[in-house]
Amino acid sequence: MLGLLPLAGLMWMSGQFAAYGSAVGELRVGQAPVVAGDKPEAGVATALTPIGQLEYASPNRQVILEYGPRLLWRRPNLLKSKKLLVLHVADLSVTLDVTPNVRLVERAAASYGEADYASLTQIFGGQSNVPQVMDIFAVSAGTGLRWDANRIWRYEAILDVEHREVVGDISERRSAGVPGAPPVVIETPAGAPPVVDTGAVQISPSFRQTNLQLDSSAIARIDRRNDLVLTLGGSDRILDNGVDIVALTPRLGWRTRLARTTELRLAAGVTYVRDRGARRLVGEGGIVRPVGDISIDTLLLGRRNVAWRGGAGVTLDYFVEPFLPAVGPRVVAVARSLVLFEPSWTVGVEGLFASSLRGTPPTPTARNVDETVVSVALPVRHRVSTNFIVETGVRWSVLAPRIRADDVTFHQRQTWIYVSLTGTTRRVDEWIAPRDTSADTRDEGMFAR
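Asker: Explain the pairing of strand 19 (residues 388-401) to me, please; I cannot follow it from the model alone.
Answerer: Two faces, one strand: in a regular strand the side chains alternate between the faces of the sheet. By the bridge criterion, 14 bridges tie strand 18 (residues 370-385) to strand 19 in an arrangement that is antiparallel. The residue bridging H382 from the neighbouring strand is V390, located in strand 19. Hairpin geometry of strand 18 and strand 19 is characterised by an intervening segment of two residues between the two adjacent antiparallel strands. Across 11 bridges, strand 19 lies against strand 20 (residues 411-424) in antiparallel orientation. Looking across to strand 20, one finds that V390 is bridged to L421.

Asker: Just to check I follow, could you spell out the pattern of salt bridges for this structure?
Answerer: Pairing of side chains with opposite charge becomes possible as their charged atoms draw close. In the structure shown here, the tally under the stated rule is 20 salt bridges. Note that R395 and E26 form a salt bridge whose closest N and O atoms lie 3.0 Å from each other. Of this pair, R395 sits in strand 19 while E26 sits in strand 1 (residues 16-32), and the two are 369 residues apart along the sequence. The exposure class assigned to R395 is partly exposed, which follows from its relative accessible area of 31%. Among the ionic pairs, E371 bridges to R358, the shortest N-O distance being 2.8 Å. Here R358 lies in the loop between strand 17 (345-356) and strand 18 and E371 lies in strand 18, a separation of 13 residues in the sequence. When sorted by exposure, E371 lands in the same class as R358, which is buried. Among the charged side chains, a salt-bridge network with shared partners connects R221, D227, R255, R257, E263 and R265.

Asker: Explanation requested: the side chain of D227 in the structure shown.
Answerer: You can see D227 is positioned in strand 11 (residues 226-239). A polar side-chain atom of D227 sits 3.0 Å from a polar atom in the side chain of R221. A polar contact of 3.3 Å, which involves the side chain of D227, links it to the side chain of R257.

Asker: Looking at this structure, I do not really get the nonpolar core. What am I missing?
Answerer: Soluble globular proteins: nonpolar side chains tend toward being buried together. If you look at the biggest cluster of nonpolar residues, it comprises 17 residues, and the most contacted ones within it are I245, V273, V282 and V327. Among the secondary structure elements, those contributing two or more residues to this core are strand 6 (133-148), strand 12 (244-259) and strand 15 (306-321). Beyond its immediate sequence surroundings of up to four residues, V273 is in contact with I245, V246, A247, V282, G286, I287 and Y318.

Asker: What exactly am I supposed to notice about the pairing of strand 10 (residues 208-221) here?
Answerer: Sheet analysis places strand 7 (residues 153-166) next to strand 10, joined by 13 bridges and oriented antiparallel. Each residue of the ladder has a partner; that of H163, found in strand 10, is T210. Between strand 10 and strand 11, which pair antiparallel in sequence order, lie four residues.

Asker: Help me out: how do you make sense of the packing of aromatic side chains in this one?
Answerer: The geometry of an aromatic ring pair comes down to the distance between the two centres and the angle between the two planes. Summed over the entire model, instances satisfying the criterion amount to four aromatic pairs. Taken together, a centroid distance of 6.0 Å and an interplanar angle of 10 degrees make the contact between W153 and Y155 stacked. Take W153: its relative accessible area is 28%, and that puts it in the partly exposed class. Of the aromatic side chains, those joined through ring pairs into one cluster are W147, W153 and Y155. The ring of Y418 has R395 lying over it, and the distance from NZ or CZ to the ring centre is 3.8 Å.

Asker: Looking at this model, I keep getting lost on the confidence of the model for the protein. Mind explaining?
Answerer: Low-confidence regions, as indicated by low pLDDT, have predicted coordinates that should not be scrutinised in detail. For the protein, the average pLDDT comes to 82, and 78% of its residues sit at 70 or higher. Segment residues 170-200: pLDDT under 50, and 73 contacts once partners within four positions in sequence are set aside and those in other chains are kept. Throughout residues 431-441 the model reports pLDDT below 50, and contacts reaching past four residues in sequence, or to other chains, amount to 36 contacts.

Definitions and limits used
Residues numbered from 1 in each chain as written. Predicted model: local features only at pLDDT ≥ 70, side-chain atom pairs only at ≥ 80, totals over all residues. Heavy atoms only, no water. Pairing = 2+ DSSP bridges. Helix = DSSP H or I, 4+ residues; strand = E, 2+ residues; numbered from the N terminus. Salt bridge = Lys/Arg side-chain N within 4 Å of Asp/Glu carboxyl O. Buried < 20%, exposed > 50% of the residue type's maximum accessible area, 1.4 Å probe, protein only. Polar contact = N/O pair within 3.5 Å; in protein donor to acceptor, adjacent residues only side chain to side chain. Core = buried A, V, L, I, M, F, W, Y, C linked by side-chain atoms within 4.5 Å. Contact = heavy atoms within 4.5 Å. Phe/Tyr/Trp six-rings, centres within 6.5 Å; stacked < 30°, edge-to-face > 60°. Lys NZ or Arg CZ within 6 Å of the ring centre and 35° of its normal. pLDDT = per-residue confidence, 0-100.

Structure below.
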């Protein structure tokens, strides 16, 4: 957002405005715990998300504004209520090509309302230690600059700011059935009867989290197959309870195209972490820990009417868990496969494993708190027409304590069979061509157009 105001005046130059609308409806049935620590119960849930989008586009700039409330109903639920959960979500993105070699990107997002477990895990970046329901306000903003200095070197810098906090009416209740468990905060509407959660995570009613992240990189194209990536990242994680942790992370990476449709990525570095707040999680002085990742993306099968893509990756990072709170190394492994049948079918499978690698529990009373998640999804999608998509599939997940805990028992199983319908006024492409990695693939993430 830092550069949005200077860019606003440019919007009224030559360009075109367009408005689009879409709606995503989902029905799912399955089993999941209603209260953390309980056995899975049969249930049904429905979600509806209408989205309005306003777009401004010209040859060298693009502005997209989106808003859509997410309406969720689930039975049974934690509050034993029939009410809808409503989460308001808005997104803004601005892309401006100042010159053929310089691109500016601005983005902002905000969420406000009642978020369920699935929404909270997305808002908090895959964190599993979140309540089943919580009123939340989250806002984020980012600004980025990309400069193609010459045919070899590209420079990028991205600054992100995030803020999240608990809002609304909350009650604090002591966990039942977990000896020595600390108090747990559970979202309850005004006048509702007390509810009890059996989890072992304490969430303060004044919970606030602010994240600052600055990443800069230099990317050198060695030849058509190889890129050298030098990255320096800095971050500051600030919590309301006196936790303030800063990190500096230099990394050296390599991207190589093993074939026209196969790309391998390697990166390694270290992160220096230290406390700045009154509450010490890292310890005196600071620590240095290794970080890195490896991933591969490839076309397993390519025919005229069929394309089969696959990919896998493993990441080692140093993670700040905001709710425990705790810090430590974390491993994340992902694998995915997608088969595309021309012109309108896709069949996929996606797997995730993430866990803390800490050797000790965050607190003596949270020895077996869940810090490991395993999930699998099997989506099947069909493009019915240029404006209508139907998807069905299965989602499954389990939780467990960190993998180095004394007793690693997987529980909190969730199994859902779902059907999702999407209608949109924007044309849906009939065929997604397999990516040719021999081309320049450095436009990614925030800088992808």
